[in-house]
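Single-letter residue listing:
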Amino acid sequence: MALLEMERVEKIYGQGEVQVLALRGVDLEIEEGEFATVFGPSGSGKTTLLNLIGALDKPTGGTVKLNGCEIGQMSKNELAGLRRKDIGFIFQSYNLIPVLSAYENVEFALTIARKDRSREKKTQKVKDILRRVGLGDMMHRRPNQLSGGQKQRVAVARALVKEPRLILADEPTANLDSETSREVLEIMLRMNRELNTTFIFSTHDPMVMEYARRLLEIRDGMISRDERRS
Amino acid sequence: MYLLTIALRNLLRRRGRTFLIASILALAVIFFLFMESLMSGVMDTTFSNLVDFETPHIEVATGEFFARADDDQVLPPGESFIPDETVLAEIRAVEGFSALTPVLDISADFAAGKYEFPVMVRAIDPGTFGEVFKTGDYLVGGDFIEGDEPGVVIGEQLAGVFDLEVGDSYVLHLHGQRGAPVKLQGQVAGIVSVPNPDMNLRVVLMAREPAASAIRLDEASANRIMVRLENRDQAVSQAEVLGRKMEGSGLEARSYREAAEFLVSLEAWGYLETYFILALFLLVGAIGIISVMVLAAIERVKEIGMMKAMGLTEGEIVRVFVLEAAGVGAIGGAIGCLLGAVVVFFMETYGISMEAFLDLGALGVPIADRIYGAWNAFSFVVIFVFVVVVAVAASLVPAYWAARKDPVDAIQHR
Ligand SMILES: Nc1ncnc2c1ncn2[C@@H]1O[C@H](COP(=O)(O)OP(=O)(O)O)[C@@H](O)[C@H]1O
Ligand SMILES: [Mg+2]
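Residues numbered from 1 in each chain as written. Chains lettered and ligands numbered in written order. Predicted model: local features only at pLDDT ≥ 70, side-chain atom pairs only at ≥ 80, totals over all residues. Heavy atoms only, no water.

Here we take up the overall build of chain B. From N to C terminus, chain B includes 16 helices and 10 strands. The C-alpha atoms of chain B give a radius of gyration of 31 Å, which is well past the 22 Å a tight globule of 414 residues would have. A burial count over chain B gives 53% of its 414 residues as buried. Once local pairs closer than 6 in sequence are excluded, the contacts in chain B between residues at least 24 apart make up 80%. (Helix = DSSP H or I, 4+ residues; strand = E, 2+ residues; numbered from the N terminus. Rg over C-alpha atoms; globule rule 2.2 N^0.38 Å. Buried < 20%, exposed > 50% of the residue type's maximum accessible area, 1.4 Å probe, protein only. Contact = heavy atoms within 4.5 Å.)

Structure, rendered in structure tokens:
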């Protein structure tokens, strides 16, 4: 069974007169361990697609199944529970919790996702993941003491630490210069190889697109190209 | 645990705001503690001055006598009685009983020179009076009443009105059973200065024998039996117990609180006023908290969106806000209690002079000098908890508003 199955998914924003058809019939399957890129111009529906995959939003038509569970049928709290354990998010604007240090931001995500771990194991895990993303010596800085690239690495570590089945990254490099972007992408790719975590990230930057192992091109709310690379 | 950390750090991050709202709450707490201390100080002194010099914990008399006395009418000598042993035994059996003394109160006019002044002659039993009342300890000249001599003891203020000193002569016109007033002459034996304005001016003490025989009553007659208990708090309940036991005997028992209805209602009004002003302060504090929480919710939309994306439920996000509000409440409450303790300490140690504010004597409150505050540890606990509860209650609506925001909108900040 595929990790993600979408069938004829539609998303319409707004009721009444001004309606925007953001997705118009998307069929998509993603397997465990993929590193897929959703590529398309601004306004094409990338964010909408990722939000539906990540159970942050519900489709107005069609079905989205994660792990075989249909998200349209789930309650708010069930969706929250699903996101808590199985899905990690990375956003363009990092969205770290400003009052927590890098270390605490990561530990917070781990704490709310997996309550059963002992304290030492948790500490070990958080330090390990921060070292892997190259922040071993900046763990105790607050977000406002970190550069954009460093913040995004914290966000990557935060998404990874709970070992979710799926990580969704919505234009993770849009606010970064190209060199930093490459670094962050390298880290994501390496995590995908080392931990077999499934990644889906969106971009409108052709440079970023090169990293994709599966390229999904989206135009006007429809997937216009789906190509695997090696 | 993490929610608490986040809440606390958010409080620190917005230090200025936190401090402003906490200060308003602290002000409310200080005000309350001050008023509460003042009120209980005033009422404590008031009731002590009442009980020690005028109306004791429990008094026993006929119903008719009480009615007349409360209406400030001429006291009816016909309502006197000779206390018998069964009644006295019943009184002595009251829980917490300390002492009793019979008195014969007679309406009279006090005359010296060409002036007259209405007073109450309280004819006392010199042997036991001092066990119930403390008047004897406040002598400023002459001697207190001993034996059956016809000398009187008057208050310093009455002495001042007539310009009398110890040894000077006076004339009393006693309103006896019937007919014209009975004239009684004698000398001032002693002058007292008690911290009860009424007793200082309107009461003349003398021995029972000469007063009773002047109005042709048996010398053992009394119209009230004054009872002192070990503890003021027992008065109300024990007066009730005693009253029930004396049913059918023609006598009634009542506590000092029934005798001083005016003071009791004054006490209630004082507290009502305190609570009203406290409510105003807290309302301002609550509005402050609401606006701070709304601001925080707007500022932190993205953060809230991220928390929701990470899988926090609405309930958990509400908790962060509520914890923050509780934190503001606790800071305000703690500062308020601390400063309030300093204020109450000064009130208790140095007191404040009420002359500056109002003439309590003229109001009928038996306090002649400074007022001292009283400590009440329970008030500190109550007001602290109350402030925290108000803060939490004020934060609930904005917290739910923030928590219910759609995560998608929140993250994109639309
Ligand atoms: N909450 C919303 N309300 C109304 N229209 C929206 C909303 N979100 C997105 N849209 C519209 O849906 C379309 C797809 O948007 P989006 O998924 O954000 O595209 P992308 O991420 O590729 O830029 C756009 O036309 C956008 O204006
Ligand atoms: Mg987008």
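What follows covers the packing of helix 2 (residues 15-53) of chain B against helix 13 (residues 314-349) of chain B. All names here are of chain B. Look at helix 2 against helix 13: their axes get within 7 Å of each other, and the N-to-C directions meet at 35°. Handedness of the helix 2/helix 13 crossing: right-handed. Among the residues making up the contact of helix 2 with helix 13, the classes are represented as 18 nonpolar, 7 polar and no charged. (Axes fitted to C-alpha atoms, helices over the stretch in contact; angles between N-to-C directions. Left-handed = near helix turned anticlockwise from the far one by under 90°. Nonpolar A, V, L, I, M, F, W, Y, C, P; charged D, E, K, R; others polar.)

On to the pairing of strand 8 (residues 198-203) of chain A, then. Residues and elements named next belong to chain A. Judged by how many residues are buried, strand 8 sits mostly within the fold: 6 of 6 residues are covered. Summarising the sheet, strand 3 (residues 35-39) and strand 8 pair through 5 bridges and their orientation is parallel. Bridge pairing in strand 8 places Val 38 opposite Ser 202. Where strand 7 (residues 166-170) meets strand 8, 5 bridges bridge the pair, whose relative direction is parallel. Paired with Leu 168 across the two strands is Ile 200, which belongs to strand 8. Between strand 7 and its parallel partner strand 8, the chain crosses via helix 6 (residues 178-195), and the hand of that crossover is right-handed. (Pairing = 2+ DSSP bridges. Right-handed = clockwise from strand over helix to strand, strands pointing away.)

Residue and element names in this part refer to chain B. Following the sequence through the fold, Ala 222 ends up in the loop between helix 8 (208-214) and strand 9 (224-229). Each C-alpha atom, one on Ala 222 and one on Ala 212, is 8.8 Å from the other, the two residues being 10 residues apart in sequence. Excluding residues that lie within four positions of it along the chain, Ala 222 makes contacts with Ser 80, Phe 81, Pro 83, Pro 102, Val 103, Leu 104 and Arg 208.

Attention now goes to the interface of chain B and chain A. Contact residues are listed per partner, giving 25 residues for chain B and 27 residues for chain A. When the two sides are added together, the surface that chain B and chain A hide from each other amounts to roughly 2300 Å², 61% of it contributed by carbon and sulfur. Summed over the three residues of chain B that lose the most area to chain A, namely Tyr 2, Arg 9 and Met 310 of chain B, the buried surface amounts to 31% of that side. Linking chain B with chain A are 3 salt bridges, by the criterion used here. For Glu 104 of chain A, the salt bridge goes to Arg 9 of chain B, with nearest N and O atoms at 2.6 Å. For the interface between chain B and chain A, the tally reads 9 residue pairs in polar contact (both at pLDDT 80 or more). Sorting the residues of the side of chain B that touches chain A by element identifies helix 1 (2-13), helix 12 (301-309), helix 13 and helix 16 (407-412) of chain B as the ones contributing at least two each. Examining the composition of the side of chain B that touches chain A, we find that 7 residues originate from one element, helix 1 of chain B, more than from any other. Across the side of chain B that touches chain A, the residue classes break down as 11 nonpolar, 5 polar and 9 charged. (Buried area = accessible area lost by both parts, 1.4 Å probe. Salt bridge = Lys/Arg side-chain N within 4 Å of Asp/Glu carboxyl O. Polar contact = N/O pair within 3.5 Å; in protein donor to acceptor, adjacent residues only side chain to side chain.)

Within the largest apolar cluster, 118 residues are counted, with the highest numbers of intra-cluster contacts made by Met 6, Ile 53, Phe 108, Leu 130 and Met 188 of chain A together with Ile 289 and Phe 321 of chain B. When near neighbours in sequence (up to four residues on either side) are disregarded, Met 188 of chain A contacts Phe 35, Ile 90, Val 156, Pro 172, Phe 199 and Phe 201 of chain A. (Core = buried A, V, L, I, M, F, W, Y, C linked by side-chain atoms within 4.5 Å.)

Turning next to the packing of aromatic side chains. By the definition in use, this model includes 16 aromatic pairs over all chains. Relative to Phe 199 of chain A, the ring of Phe 35 of chain A lies with its centre 5.5 Å away and its plane at 50°, an arrangement referred to as tilted. Within this pair, whereas Phe 35 of chain A is found in strand 3, its partner Phe 199 of chain A is found in strand 8, the two being separated by 164 residues in sequence. Neither residue differs from the other here; Phe 35 of chain A and Phe 199 of chain A are each classed as buried. Ring centres of Phe 129 of chain B and Phe 133 of chain B lie 5.0 Å apart, and the angle between their planes is 35°; this geometry places the pair in the tilted category. The class of Phe 129 of chain B is buried, set by a relative accessible area of 2%. Look at Phe 133 of chain B and you get buried, because its relative accessible area is 1%. (Phe/Tyr/Trp six-rings, centres within 6.5 Å; stacked < 30°, edge-to-face > 60°.)

In this section: the pattern of salt bridges. Think of it this way: side chains of opposite charge can pair up when their charged atoms draw near. All names here are of chain B. Across all of its chains, the model carries 38 salt bridges over all chains by this definition. In this structure, Arg 232 and Asp 44 form a salt bridge, with 2.8 Å as the shortest nitrogen-oxygen distance. Residue Arg 232 is found in the loop between strand 9 and helix 9 (235-245), and its partner Asp 44 is found in helix 2; the two are separated by 188 residues along the sequence. Asp 44 gets classed as partly exposed once you look at its relative accessible area, which sits at 39%. A salt bridge links Asp 105 to Arg 224, with the shortest nitrogen-to-oxygen separation between them at 2.8 Å. Remark: Arg 224 occurs in strand 9 and Asp 105 occurs in strand 2 (residues 97-112); sequence separation between them is 119 residues.

The subject of this paragraph is the sheet that holds strand 10 (residues 222-228) of chain A. All names here are of chain A. The 6 strands lie next to each other as 6-7-8-3-9-10, forming an open sheet whose pairing is mixed. Edge positions in the open sheet fall to strand 6 (87-91) and strand 10, since each of these has one partner strand only. Averaged over all adjacent pairs, the angle separating strand axes in this sheet is 15°, with direction ignored. Summarising the sheet, strand 6 and strand 7 pair through 5 bridges and their orientation is parallel. Looking at strand 7, one finds that Ile 90 is bridged to Ala 169. Sheet strands in contact with helix 6 are strand 3, strand 6 and strand 8, and its direction is about 155° off that of strand 8.

Residue and element names in this part refer to chain B. Locating Glu 36 in the fold gives a position in helix 2. With no salt bridge to any partner, buried Glu 36 finds its closest opposite charge in Arg 232, at an N-O distance of 12 Å. Within the structure, the side chain of Glu 36 is placed 3.1 Å from the side chain of Ser 379, a separation counted as a polar contact. Excluding its chain neighbours within four sequence positions, the residues that come into contact with Glu 36 are Tyr 271, Asn 376 and Ser 379. (Lys, Arg positive; Asp, Glu negative; His and termini not counted.)

Purely spatial values, then, with no claim about function.
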